[in-house]
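Structural description and commentary
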Amino acid sequence: MSDAPSWWYRKSGLVAWALSPFAAIYGRIGAMRMGAAPKAVSRLPVLCVGNFVAGGAGKTPTAIAIAKQVRAMGLRPGFLSRGYGSNAKSATLVDVKTHNARDVGDEPMMLALYATTVVSPDRTAGAALLQSCDVDFIIMDDGFQNPTLRKDMNLIVVDGGRGVGNGFPMPAGPLRATLREQMRLADRVLLIGSGTASGDVVRRAAKMAKPILQADIAVRQGERFDGRKVMAFCGLADTEKFFATLKALGADVVEEQAFGDHHAYSAGECRELMARSSELGLPLVTTHKDEVRLVRSGEAQAELRKAVDVLVIDLLFETERTVTALIEETRKRAAAYRLKTPANIEDADVPED
């Protein structure tokens, strides 16, 4: 199962309405927290890639695509992540040669392949550590709802095929606060892919004069799956999207096995997947995010990693100019704000030992 209840993404039913009083409370608390004044300002420009809902929406591939363009512009990008599911208790510089997903989280392990990456439960401390590295532009992977560190640009990612579900905040729906309150703090909305599910987001963004950007997902060497019979497994917020992507590439997905988002594969599960693959006589396919969870996690995990074919995706903005303008505007805002930074907001300085 995916961590997100499937009924979150259907028309509101009895369960959603029964939970709506709790959703109203949760949404209000979330909005108040988001609207709080930041406690710190980084000396570097900060672009936050966030989403309106709990679970995946395409933030990580978006952050990677932005980092590639930042580098193409002659700048040095750095990623800042909470490191969901990691053991990190303080700001930690990710080292893909020594860390694993338990240490720093699966998404940071992916991000660190492209740029300097820091995980930290405290965004301010994480930004401070990045400031001490050879970095001059910070990309936050998530953190839109966290007010502690000032963001110069909030780019909110929306899956065009999934949208924001039934429109309720948690626990009645997937929203982290009401769409109206979150849209108020968004600077740009990025729609990934096509689909009618994003209609509410588009209408709300238009009403509040929020620019809408477009992007699509492309699979690296996706033609290799055309006509192949495979056994697929993954642990994502939206597992069906992965299976549907494989089928759209022409793969015959004979068997699907879905796990929860950020799932840590046990040795027993790895052996069972390999045994089932052997029994069916089919190759195993999974996502890059699932593959990095197998790195330095045990012998069975290492064996499974060698056995799987990994589907890697890239995010493609509508035009290169779209992302270049986004980066330039972030830098412009950062420079302008820092000229008039209030004295009561502390700089995100590197803490002393």
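Residues numbered from 1 in each chain as written. Predicted model: local features only at pLDDT ≥ 70, side-chain atom pairs only at ≥ 80, totals over all residues. Heavy atoms only, no water.

**What about the packing of helix 2 (residues 59–72) against helix 12 (residues 320–338)?**
Contact geometry for helix 2 and helix 12: axes closest at 10 Å, N-to-C directions at 80°. Our classification of the angle between helix 2 and helix 12 gives roughly perpendicular. For the pair helix 2 and helix 12, the contacting residues are I66, Q69 and V70 in the first and E320, V323, T324, L326 and I327 in the second. Each residue belonging to the contact of helix 2 with helix 12 can be placed in one class, and the counts come to 5 nonpolar, 2 polar and 1 charged. (Axes fitted to C-alpha atoms, helices over the stretch in contact; angles between N-to-C directions. Helix = DSSP H or I, 4+ residues; strand = E, 2+ residues; numbered from the N terminus. Parallel < 35°, antiparallel > 145°, perpendicular 65-115°, else oblique. Contact = heavy atoms within 4.5 Å. Nonpolar A, V, L, I, M, F, W, Y, C, P; charged D, E, K, R; others polar.)

**A few points about the nonpolar core**
Counting residues in hydrophobic clusters, the biggest one holds 33 residues, and the most contacted among them are F52, L80, I138, M140, M183, V189 and V201. Those elements that provide at least two residues to this core are strand 2 (46–51), helix 5 (123–131), strand 6 (137–141), strand 7 (153–159), helix 6 (179–185), strand 8 (188–192) and helix 7 (199–207). Non-local contacts of V189, meaning those with residues more than four positions away in its chain, are made with F52, I156, V158, M183, V201, A205, P211, I212 and L213. By size, the runner-up hydrophobic cluster in this structure holds 27 residues, among which are I64, L111, I139 and L155. (Core = buried A, V, L, I, M, F, W, Y, C linked by side-chain atoms within 4.5 Å. Buried < 20%, exposed > 50% of the residue type's maximum accessible area, 1.4 Å probe, protein only.)

**As for the sheet that holds strand 8**
Ordered in space as 4-5-3-6-2-7-8-9-14, the 9 strands form an open sheet in which the pairing is mixed. This sheet does not close on itself; its edge strands, each paired only once, are strand 4 (92–93) and strand 14 (313–317). Here strand 2 pairs with strand 7 via 5 bridges, running parallel. Residue pairing across strands places V49 opposite L155, the latter belonging to strand 7. (Pairing = 2+ DSSP bridges.)

**Focus on the pattern of salt bridges**
This structure, assessed with the given rule, holds 25 salt bridges. The partner of D142 in a salt bridge is R176, with the nearest N and O atoms 3.4 Å apart. Of this pair, D142 sits in the loop between strand 6 and strand 7 while R176 is found in the loop between strand 7 and helix 6, placing the two residues 34 residues apart along the sequence. On the accessibility criterion, D142 (15% relative accessible area) is buried. Across the salt bridge formed by R305 and E291, the nearest N and O atoms sit 2.8 Å from each other. (Salt bridge = Lys/Arg side-chain N within 4 Å of Asp/Glu carboxyl O.)

**Looking at unusual backbone geometry**
Across the junction of M170 and P171, the peptide omega takes the value 5°, indicating a cis bond. Summarising the element assignment, P171 is placed in the loop between strand 7 and helix 6. With phi around 60°, A209 is a residue other than glycine that occupies positive phi space. Along the chain, A209 falls in the loop between helix 7 and strand 9 (212–219). By relative accessible area, A209 is classed as exposed at 65%. A positive phi is found at H262, a non-glycine position, where the angle reads about 65°.

**Observations regarding empty space enclosed by the protein**
Applying the stated criterion across every chain, the model contains 1 cavity of 30 Å³ or more. Around the largest cavity sit N51, F52, V53, A57, V157, V158, D159, G163 and V164, which together line it. When residues in the lining of the largest cavity are grouped by element, the largest group, 3 residues, is from strand 7. Considering only residue class, the lining of the largest cavity consists of 6 nonpolar, 2 polar and 1 charged. (1 Å grid on protein atoms, 1.4 Å probe; cavity = no way out; pocket = protein on both sides within 12 Å on 5 of 7 lines; lining within 4 Å. Points joined across faces, edges and corners; volume = space filled by probe spheres on them.)

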